[in-house]
Structure formats: C-alpha cells, structure tokens
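Fold and contact review
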Amino acid sequence: MSENPNESWLNSFLSVGKIVTREQHVRFEHIAGVFTGLALLLALISVQLPFGQAMDKKVVYPFVIVVGFFCIVWFLIIPRRFTGLAKNLIHTVLVTLYVAFLIYTNPTMGQNLIVLYYVIAVAAAVAMPTFFSLTITILVIILIYTEWFLAGATSAGFTSTIIYTTGLLIVVFYTRSLAGEAAYARKKEEEVHLEKEKTLSKLKDEYIFIISHKLKQPTSAIKGYTDEIIKEYSQNLDSESKETLEFIKTNDERLEKLLDDLLDISQIEKGIMRINLTDVSLSPVISEVLSNLFLDAQSKKISLLERGDLNTAVKADSDRLKEVLMNLVGNAIKYTPDGGKVTIEVKKEELAAKLFISDSGIGISPQDQKYLFEKFFRAENEKTKAIKGNGLGLFITKQLVEKMGGEVGVSSEFGRGSTFFFTLPRYRW
Ligand code: ADP
C-alpha cells in the first residue's frame, strides 16, 4: 500500500465499485429491480395527488406500463445468465433516457425532475466502476444541454444549465471521493485485522513449539526410568506393579508421539521443516520400520508382509520417509483387528516408486475418506471408538510426502480393509 496520500486518493477514487464476481452483479441487479419498481409505484401515486395535475397522465400511464413490462422481462424473464457490467450499464442508460423523456414531456415539472439525474449520477458514482460512472455523467450532461436546446436555447436557460451541470460534476466527484475513502478505510481496517490474526497465529505456533519442546524432556525421562525399572527390577515386582508400569510406559509413548506430531506441525506451519533429499534404498528402511512395529503386530497376532520391488532407490529424506511409513504401517496395525494382515508393497514405475500399505482392517467409509488427511480428523464410529489417536498422523504424512515430491492417496472399503499409497521420485544415477 502506498504511503503517498495523493496516490491513495486517486487509487481509491478509481477503484470504487469494482464488481468482481457474478454473485455481486446479481445482487446489484436485484437492488436495481426493486428500486425501479418502487420508482414506478411512486410515479403512479404522484399522478393521483393534487400536484399530479402538473404531470401529464397520458404520458405517465403508458410509460409506467412500458417500463413495468420492461422490468419484468429484464429482471425476471431474461435468464440470470445474462448478467454483468454491460447489463447494468444498459439498464442505467435506459433509466436515464426515461427520466429525460419525463422531463421533456412535463415542461412544468421538468426543473424538479432534474434531481433524478443527480440521483442516477450519484448512484453510479458511489457504486460502479470509473468508466461506468463517467459514461453516465457525460450522458446526463449531454441530456441537460439537449433539453436546454430543445426548450428554445434561451440565455436565462443557459445560466441554469451551466449551474446544473457544474453542480452535477461537483456532486459526482465529491461522492465518488467519499466512497473511495470509505472503501480505503475499510480495506485498511481489514489489513490491520488480518495482520493481527497473523501475529496471533504465529504466537500460537511459537507457543505450541516451545511447550512441546519443553515437555519432550520429562517425557523422555519418564520413559527411560520406566524402561529401566521394568528391565532391572522386574523379578522383584508383582504382576500388578508390572501392569502399572506397562500402563505408564504406553501412555508416555502416546504423549511422546503427540509431542512429536505437534513439533512437526508447528515446523510445517512455520515453513521451517527441513527436508534433506538423498538417495535412499527402500529395503533397509522398510525392514527397520517393520522391526520397530514387530511387537505391536505380534501382540495382535497380525502378520506383517513385504513384497514387490523392495530394492528400488528413491529420492527422499530417510528420517522423514521412516516417519511416513511408521504412521501408515502403525495405523494399519492399529485399525486392524487381531489375526489380520498388513502388507507393504513397492512398485517400481518409470519415474517414481509407489508404496502400498494394505490392511485387512476396519476400513473407512467414502464420506470419511474425504477428510482423512485433514488436521485432527478422526473417523468416528463404533469400531474406532476404543482406538486411541490424535488425528495428526495422516496430515503430517501428506505434508511430508508432498515435501519430498510425492503424492498420497487411499482406497478403502468400510469393514473390509484399506490401502494407503504414496509415491516418491526414483533416484536416478
Ligand atoms: P490417528 O492418530 O487418529 O490414527 P491419523 O491422522 O493417523 O490419526 O488417522 C486419522 C483417522 O483416519 C483415524 O482416526 C482413523 O479413523 C482413520 N484411519 C487411518 N488409517 C486407517 C486405517 N489403516 N484403517 C482404518 N482407518 C484408518
């Protein structure tokens, strides 16, 4: 935004009434339709009033009928597809010509009706683009001069014509400047609001980052001590104490995973997530992930399989790739009932490697599939109720895969199982 006030004024002046969307045009048209109808009603009422004698009924009635008919065709029958600036311009020009005709055919009322020109020009000045406003103002000025000419071109009439037209120009410029300044003030207000929201959101990210970071230390310590107690003193513990320690350990691991996820998300959202792309052979990475998750699978009697072009090399960040696989294979185990099957399959394509993680689990409904990769989304049904999670894993997975130049997707059948897949560019020597 310019700091120069003159430039701001001109910018605001020129940018008044820029109608951008079709919806705005339709709304504008709707207002024009309602007010034209009101104007017709007023004309009909005025000819009934005592001062109505000054208006020629023989002119007003046919005109109300013609204009009324025009409005019905224009605003109701002509399909809404024909909408936009051209339609608004044509409508305003026709209304202006209609006013000109009224003035011309009602010489006694003519002077009073000039105010209608002002209303039209001011309305165009505050609500329409510069070209539109200019066209209407020029048209009105031409009509005022034409009426002076047709009324006999008297010198007294010329004075009032100059006063009317100069007055009109001043009023148009004044109202357009005011409308411009009002729009400018609104824009400024919106900018300040947006800036405030950005600062708040940044602070929130920073806050989450610091808290998660600080909480990592005690959680790791709890895990270390619990592991040590279980390892060193297990023979001295009764089964209830062992169970309690296992419970502490599981919940501590969940807390650690949540903190890791929050740290990832704040890095992604701050744009500071570092991805170090190198050539990575899939085979050892997959083996490591499977061995990390072996105990989880074993406790549910789930068989873990790997197959396909496992020896493919990809361009990826090895730690982030492990994180992606841990999320997807971890979910496959988590959402598969006891005795099921989870498979990782690699397919080598011309430019990319495609990894499929399939399970024989609970599956995902088509409705839930739409939101799977959104932050904090968890499918809510009878089967997922008892399974713990935070709804962040798939969101992070998608961000990481995309940052490494790949894509993620899913195909699933509710109650029968799911296949998550992602691609990564192949490493080429
Ligand atoms: P969560 O920590 O809840 O597992 P995710 O982001 O990893 O978070 O997954 C989001 C949701 O997607 C889960 O809550 C679950 O409803 C669904 N989901 C993910 N993976 C699977 C899967 N393999 N089978 C069935 N549902 C899944």
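Counting restarts for each chain, with residues numbered from 1 along the sequence as it is written. In keeping with the predicted nature of the model, local features appear solely for residues at pLDDT of at least 70, side-chain atom pairs appear and are counted solely at 80 or more, and the whole-chain, interface and lining totals rest on all residues. To get the side-chain values, take all heavy atoms of the structure and skip hydrogens and water.

Remarks on the overall build of the chain
Each helix and strand in the chain was counted, giving 13 helices and seven strands. C-alpha atoms define the radius of gyration in this analysis, and the globule rule sets the expected value at 2.2 Å times the number of residues to the power 0.38. A compact globule built from 429 residues would reach a C-alpha radius of gyration of about 22 Å, whereas the chain, at 37 Å, exceeds it by more than 25%. Each of the three principal axes of the chain carries a C-alpha extent, and together these read 115 × 55 × 45 Å. When a residue's accessible area, from a 1.4 Å probe over protein chains only, is under 20% of the maximum for its type it is buried; when over 50% it is exposed; and in between it is partly exposed. Across the 429 residues in the chain, those meeting the buried criterion constitute 38%. Put simply, of all contacts in the chain between residues at least 6 apart along the chain, 73% involve residues at least 24 apart. Accessible surface is estimated by sampling points in the Shrake-Rupley manner with a 1.4 Å probe; for residues, cover comes only from the protein chains shown. Summed over its atoms, the accessible surface of the chain is roughly 25,500 Å², and 62% of this surface lies on carbon and sulfur atoms. Strands are runs of DSSP state E lasting at least 2 residues, helices are runs of H or I lasting at least 4, and numbering of each runs from the N terminus. Any two residues having at least one pair of non-hydrogen atoms within 4.5 Å are treated as being in contact.

Some points on unusual backbone geometry
The phi dihedral of A153 is positive, around 50°, even though this residue is not glycine. Relative to the helices and strands, A153 resides in the loop between α6 (130–150) and α7 (155–233). Here K301, not a glycine, exhibits a phi torsion of approximately 55°, which is positive.

Concerning the sheet that holds strand β2 (residues 303–308)
When DSSP finds two or more bridges between two strands, those strands count as paired. Strand order in this open sheet of five strands is β2-β4-β5-β7-β6, and the pairing throughout is mixed. The open sheet terminates on both sides in strands that have one partner only, identified here as β2 and β6 (408–413). Between one strand axis and the next, the sheet turns through 15° on average, direction left out of account. Of the strand pairs in this sheet, strand β5 (residues 352–359) and strand β7 (residues 417–425) are connected by eight bridges, and their pairing is antiparallel. When the bridges of β7 are listed, F356 appears paired with F421. Lines fitted to C-alpha atoms define the axes, with helix axes restricted to the stretch in contact, and inter-axis angles between N-to-C directions lie between 0 and 180 degrees.

Looking at helix α4 (residues 85–105)
Here the expected length of a helix is defined as 1.5 Å per residue gap, with one fewer gap than residues. Its 21 residues give α4 an end-to-end C-alpha distance of 30 Å, which sits within 8% of 30 Å, the value for a rise of 1.5 Å per residue. Those residues of α4 that fall on the buried side of the exposure criterion are K87, N88, L89, H91, T92, T96, Y98, V99, A100, L102 and I103.

Here we look at the site of the ligand
In these notes, residues near a molecule or strand are those with any non-hydrogen atom within 4 Å of it. By nearness alone, 21 residues border the ligand, and N331, Y335, R378, N390 and L394 come closest of all. Under the rule applied, a polar contact is a pair of N or O atoms within 3.5 Å (in protein, one hydrogen donor and one hydrogen acceptor; residues adjacent in sequence only if both atoms are side-chain atoms). Taking R378, its side chain carries an N or O atom lying 2.5 Å from an oxygen atom of the ligand. Within the complex, 97% of the 530 Å² of free accessible area of the ligand lies under protein. Contributions of two or more residues to the shell around the ligand are made by α11 (318–334), α13 (393–403) and β7.

A closer look at the environment of K375
The residue K375 is located in the loop between α12 (366–369) and α13 in this model. On the basis of relative accessibility, which here comes to 34%, the residue K375 falls in the partly exposed class. With 243 residues separating them along the chain, K375 and F132 place their C-alpha atoms 46 Å apart. Setting aside residues up to four positions removed in sequence, K375 forms contacts with I265, E269, G391, L392 and F395. A distance of 2.6 Å separates the side chain of K375 from the side chain of E269, its partner in a polar contact.

Remarks on the nonpolar core
With 43 residues, the main nonpolar core has I286, L321, L325, V329 and F422 as its most contacted residues. Counting residues per element, this core draws most heavily on α11, at seven residues. Ignoring anything within four residues of it in the chain, the contact list for L325 reads V285, I286, V289, G330, L355, I357 and F422. Ranked by size, the runner-up nonpolar core spans 34 residues in total, among them V60, V99, Y118 and I141. The set of buried Ala, Val, Leu, Ile, Met, Phe, Trp, Tyr and Cys residues whose side-chain atoms join them within 4.5 Å is what this entry labels a nonpolar core.

Re the packing of aromatic side chains
Here a Phe, Tyr or Trp ring, Trp counted by its six-membered ring, pairs with any other such ring whose centre lies within 6.5 Å, and the pair is stacked when the planes are under 30 degrees apart, edge-to-face when over 60, and tilted otherwise. All told, the structure shown has nine aromatic pairs when counted by the stated rule. With a centroid separation of 5.0 Å and an interplanar angle of 45°, the aromatic rings of W148 and F158 are classed as tilted. You can see W148 sitting in helix α6 and its partner F158 sitting in helix α7, a full ten residues away along the chain. Seen in terms of ring centroids, F373 and F420 are 6.4 Å apart; in terms of plane orientation they differ by 80°. Their pairing is edge-to-face. With F373 in the loop between α12 and α13 and F420 in strand β7, this residue pair connects regions lying 47 residues apart in the sequence. F420 carries the same exposure label as F373, and that label is buried. What links up through ring pairs into an aromatic cluster is the set F63, Y98 and F101.

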